[in-house]
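Architecture at a glance
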Amino acid sequence: MEFAIVAVPFFFVIFAVLELGVIFLVDSTLEAAVQQASRLVRTGQAQGGVFSAAQFRTAMCQSMNVFEGDCMTRSVVDVRPIPQFRDPNPPDPIVDGQFVPAQTGFDPGAAGDLMLVRVWYQQPVVTPLLSRGLTRLESGDALISVTTAFRNEPF
C-alpha cells in the first residue's frame with residue numbers, strides 16, 4: 001500500500017530526470033554542431049550567394065549524429081551581420097508564445113564582418129508539468145537556443 005502512494009511521484013521524478021538528461025544531451029550536441037557549421041561562415045565558404053540557410057542547417061544536422069533525422073524539421077537558423085558585439089539587438093522570433101520563423105534570415109556577411117549565429121531547436125517534452133519550466137512556447141515543446149558571435153576571417 002505504501003508503494004502505491006509513493007510510486008506515482010517516484011516514477012514522475014525518474015522520468016523527469018531522464019527527460020532533462022535528453023534535453024541537456026541535445027543542447028550540448030547542438031552547441032557543438034553550431035560551432036562546427038559556423039566555421040563555414042567564418043572561413044568564407046558560405047559566402048558567394050551559393051550557400052543557403054537549408055545548406056547551413058544540413059551541415060549542422062550532420063554533426064548531430066544521434067539527432068540528425070529530427071534536426072532538419074525541429075531547427076531554425078538565423079545568421080546575420082551585426083554592427084557591434086555589445087547589444088546587437090536582433091529581432092526575437094518568439095511572439096506571444098508562437099515561434100515566427102519569418103523573423104529569421106541567412107546573410108553570411110563579408111570578410112571582416114561581425115556575425116551572429118542563432119539556432120533554435122524544438123524538443124518535445126513528454127513529462128507532465130516539466131514543459132512549464134522549460135519553454136516559452138504554447139506548444140509545450142522545450143525550446144533550446146544556441147547563439148555564437150564571431151568576426152569573419154579575411155578571405
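A short tour of the structure in this document, coming up. (Residues numbered from 1 in each chain as written. Predicted model: local features only at pLDDT ≥ 70, side-chain atom pairs only at ≥ 80, totals over all residues. Heavy atoms only, no water.)

Turning to the side chain of Ser 75, a few remarks are in order. By the secondary structure assignment, Ser 75 is in strand S1 (residues 75-82). Ser 75 sits in the buried class, given a relative accessible area of 1%. Of the polar contacts made by the side chain of Ser 75, one reaches the backbone oxygen of Cys 71; its length is 2.6 Å. Excluding residues within four positions of it along the chain, Ser 75 makes contact with Arg 57, Met 60, Cys 61, Val 119, Trp 120 and Tyr 121. (Helix = DSSP H or I, 4+ residues; strand = E, 2+ residues; numbered from the N terminus. Buried < 20%, exposed > 50% of the residue type's maximum accessible area, 1.4 Å probe, protein only. Polar contact = N/O pair within 3.5 Å; in protein donor to acceptor, adjacent residues only side chain to side chain. Contact = heavy atoms within 4.5 Å.)

So, about the packing of aromatic side chains. One pass over the full model with this rule turns up four aromatic pairs. Ring geometry for Phe 99 against Trp 120: centres 5.6 Å apart, planes inclined by 65°, an arrangement best described as edge-to-face. Residue Phe 99 is found in strand S3 (residues 98-99), and its partner Trp 120 is found in strand S4 (residues 114-123); the two are separated by 21 residues along the sequence. Side by side, Phe 99 and Trp 120 carry an identical accessibility label, which is buried. Among the aromatic residues, ring-to-ring pairing joins Phe 51, Phe 56 and Phe 106 into one connected group. In this structure, Arg 42 packs its charged tip against the face of Phe 150, placed 4.8 Å from the ring centre. (Phe/Tyr/Trp six-rings, centres within 6.5 Å; stacked < 30°, edge-to-face > 60°. Lys NZ or Arg CZ within 6 Å of the ring centre and 35° of its normal.)

To continue, consider a nonpolar patch on the surface. There is a patch of nonpolar side chains on the surface, built from Met 1, Phe 3, Ile 5, Val 6, Phe 10, Phe 11, Ile 14, Phe 15 and Leu 18 and spanning about 1000 Å² of accessible area. Judged by relative accessible area, Phe 3 falls into the exposed class, the value being 56%. (Patch = residues over 30% accessible without salt bridge, like charges linked within 9 Å, V, L, I, M, F, W, Y side chains within 5 Å. Areas by Shrake-Rupley, 256 points an atom, 1.4 Å probe, with all protein chains shown as cover. Salt bridge = Lys/Arg side-chain N within 4 Å of Asp/Glu carboxyl O.)

For the rest of this paragraph, the subject is the sheet that holds strand S5 (residues 142-151). Strand-to-strand pairing in sheets goes through backbone hydrogen bonds, with the strands running parallel or antiparallel. Pairing is antiparallel across the open sheet formed by three strands, whose spatial order is S1-S4-S5. Bordering the open sheet on either side are S1 and S5, each of which pairs with just one other strand. On average, each strand axis in the sheet is tilted by 15° relative to the strand beside it, whichever way the strands run. Direction of pairing for S4 relative to S5: antiparallel, over a ladder of 10 bridges. The residue of S5 that forms the bridge with Trp 120 is Ser 145. Contacts from helix H1 (residues 2-42) reach S1, S4 and S5, with the element oriented near 30° to S5. (Pairing = 2+ DSSP bridges. Axes fitted to C-alpha atoms, helices over the stretch in contact; angles between N-to-C directions.)

This paragraph deals with the pattern of salt bridges. Counted according to the given criterion, the structure contains three salt bridges. Between Asp 70 and Arg 74 there is a salt bridge; the shortest N-O distance is 3.5 Å. Of this pair, Asp 70 and Arg 74 are both found in helix H3 (residues 68-74), four residues apart, which corresponds to roughly one turn of the helix. Close ionic contact of Asp 78 with Arg 80 constitutes a salt bridge, the shortest N to O distance being 3.0 Å.

Per the stated rule, a full pass over the model turns up one disulfide. Two residues, Cys 61 and Cys 71, share a disulfide whose sulfurs are 1.9 Å apart. Across the S-S bond linking Cys 61 and Cys 71, the dihedral sits near -70°, which makes this disulfide left-handed. Placement of Cys 61 in helix H2 (residues 53-62) and of Cys 71 in helix H3 is noted, with a sequence separation of 10 residues between them. The class of Cys 61 is buried, set by a relative accessible area of 2%. (Disulfide = S-S within 2.5 Å.)

This part covers H1. Owing to its 3.6 residues per turn, the α-helix brings residues three or four apart onto one side. For H1, spanning 41 residues, the distance from its first C-alpha to its last is 60 Å, which sits close to the expected 60 Å at 1.5 Å a residue. At Val 8, H1 shows its strongest bend, of approximately 30°, with the proline Pro 9 following within four residues. Downstream of H1 by one or two residues, Gly 44 has phi in the positive range, about 90°. (Expected span 1.5 Å × (residues − 1). Bend = angle between axes of the 7 residues up to and from the residue.)

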